[in-house]
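Examination of the molecular architecture
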Amino acid sequence: MSGLIAYRKEKRHYPQKPLDKEGSDYFSITSFDAGLVYDDILKAMDNFDEAYAIGTGGYGTLYKAELQPNTVVAVKKLHSSSENVDHNGFLNEIRVLTNIRHRNIVKLYGYCSHARHSFLIYEYLEKGSLGSILRSDVLVTELDRLKRVNIVKDVAKGLAYMHHDCSPPIIHRDISIANILLESDYEAHISDFGTSKLLKLDSSNWTTIKGTHGYISRQIIFGIVALEVIMGKHPGELPTLWADYLVLGNVGDSRIPLPSPQIEKKVNMVLNLSRACLNSNPQGRPTMRQVSYMLMKT
């Protein structure tokens, strides 16, 4: 089975039926890479040699593949031990990413599945995952306060698009700093849609979802991630609902210099919105569209 992945910019409408039956062989690439074939991709990574690996996720390993002419892509290969177990997640990621397009959501260029290998082909984002940078005392110095505010803005824009501009809405279910990838200019892109859910507007699952953080509100997850970006570490048992505590002086990342008063104001806006997302009353939490709008005003 083969086909063309096409992208459009208008609001998405797509079926929720399975993309294909488990065990089927299929290969599809976008028109811009139409000259590539299965063997060319494997050759670029020396048949998935570990030297080309750049990260490992829940159900696959990510590789960097340099293709001719001067084209670099990221290739996620399913773990061989999980080919069958995670087939639904593999198809789910294809289903979601082939029907949405937003500058803050990673682009899917193609996919392949057959007896030898199953893999997804993405745009390559030079800086890698936000998590790997925040965990490095060396790399983290590149992420000043303003860059962190902009990363939070980018994530909010991507989530607002999925929640409010897609039909049916898409809930990621596993937003974390490990699944936020950065471009060379530190623009953020949401990735890893294997556990995403397409929701009916009247779905009882609209408020509570399951992911890395267990069963938890989607706004709370964003609030936690936003705090983690500003703090440089997971907030843990931070008393996040204390308004007088959640300010830069108490939760800032000590590994980078203090910001100017203008930048500090922007950071405190992120902290205030994080606190709102962590409201114990679900009715008091802003939607992602509201969060994105407020951040764009800073």
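Residues numbered from 1 in each chain as written. Predicted model: local features only at pLDDT ≥ 70, side-chain atom pairs only at ≥ 80, totals over all residues. Heavy atoms only, no water.

What to know about the packing of helix α4 (residues 145-164) against helix α5 (residues 218-231)
Contact geometry for α4 and α5: axes closest at 9 Å, N-to-C directions at 165°. Judged by the angle between their axes, α4 and α5 are roughly antiparallel. Two packed elements cross with a definite hand, and for α4 against α5 that hand is right-handed. Here α4 contributes Arg145, Arg148, Val152, Val155, Ala156, Leu159 and His163 to the contact with α5, which in turn contributes Arg218, Phe222, Ala226, Val229, Ile230 and Met231. Taken together, the residues of the contact of α4 with α5 sort by class into nine nonpolar, one polar and three charged. (Axes fitted to C-alpha atoms, helices over the stretch in contact; angles between N-to-C directions. Helix = DSSP H or I, 4+ residues; strand = E, 2+ residues; numbered from the N terminus. Parallel < 35°, antiparallel > 145°, perpendicular 65-115°, else oblique. Left-handed = near helix turned anticlockwise from the far one by under 90°. Contact = heavy atoms within 4.5 Å. Nonpolar A, V, L, I, M, F, W, Y, C, P; charged D, E, K, R; others polar.)

Here's the deal with the nonpolar core
Counting residues in each nonpolar core, the largest one holds 58 residues, and the members touching the most others are Ile100, Leu130, Leu159, Leu182, Phe222, Val291 and Leu295. Of all the elements, α5 adds the most residues to this core, at ten residues. Not counting residues within four places of it along the chain, the set of residues in contact with leucine 182 comprises Leu125, Glu126, Lys127, Gly128, Leu130, Ile133, Ile151, Glu187 and Ala188. Counting 15 residues, the second-largest nonpolar core is a separate cluster that includes Val75, Tyr109, Cys112 and Phe119. (Core = buried A, V, L, I, M, F, W, Y, C linked by side-chain atoms within 4.5 Å. Buried < 20%, exposed > 50% of the residue type's maximum accessible area, 1.4 Å probe, protein only.)

Details of the UniProt feature "binding site: ATP" (unreviewed entry) in the chain
Listed under "binding site: ATP" (unreviewed entry) in the UniProt record, and renumbered for this structure, are Lys77. By the secondary structure assignment, lysine 77 is in strand β6 (residues 71-78). The exposure class of lysine 77 is buried, given its relative accessible area of 13%. (UniProt positions renumbered as here; feature names shortened; annotations may be inferred.)

Looking at helix α7 (residues 261-277)
Each full turn of the α-helix corresponds to 3.6 residues, which orients residues three or four apart in the same direction. A rise of 1.5 Å per residue sets the reference length of α7, with its 17 residues, at 24 Å; its end C-alpha atoms lie 24 Å apart and thus fit the reference within 8%. Residues Ile263, Val267, Val270, Leu271, Leu273, Ser274 and Cys277 constitute the buried set of α7. Down the axis of α7, the buried side of the element spans an arc of 165°, and every buried residue falls inside it. With respect to the buried face of α7, the exposed residues turned more than 90 degrees away are Pro261, Gln262 and Lys265. (Expected span 1.5 Å × (residues − 1). Arc of directions from axis to C-beta.)

With respect to the packing of aromatic side chains
Applying the stated criterion across every chain, the model contains two aromatic pairs. Feature note: the residues Phe48, Tyr63 and Phe119 constitute an aromatic cluster, connected by ring pairs. Here the basic side chain of lysine 77 rests over the ring of phenylalanine 48, its NZ or CZ set 5.6 Å away from the ring centre. (Phe/Tyr/Trp six-rings, centres within 6.5 Å; stacked < 30°, edge-to-face > 60°. Lys NZ or Arg CZ within 6 Å of the ring centre and 35° of its normal.)

A few points about the pairing of strand β5 (residues 60-67)
Relative to β5, strand β4 (residues 53-56) runs antiparallel, the two being bridged by three bridges. Paired with alanine 53 across the two strands is tyrosine 63, which belongs to β5. Both β5 and β6 contribute to a ladder of eight bridges, which runs antiparallel. Residue pairing for β6: leucine 67 is matched across the bridge by threonine 71. Here β5 folds back onto β6, and the loop between the two strands holds three residues, one of which, asparagine 70, carries a positive phi near 50°. (Pairing = 2+ DSSP bridges.)

A word on the confidence of the model for the chain
On average, residues of the chain carry a pLDDT of 76, and 69% of them reach 70 or more. Mean pLDDT across the elements of the chain ranges from a minimum in strand β1 (residues 2-3), with 32, to a maximum in strand β13 (residues 188-190), with 96. Long-range and interchain partners of residues 1-27, a stretch whose pLDDT sits below 50, account for 84 contacts in this model, where long-range means more than four residues apart. Long-range and interchain partners of residues 198-216, a stretch whose pLDDT sits below 50, account for 44 contacts in this model, where long-range means more than four residues apart. (pLDDT = per-residue confidence, 0-100.)

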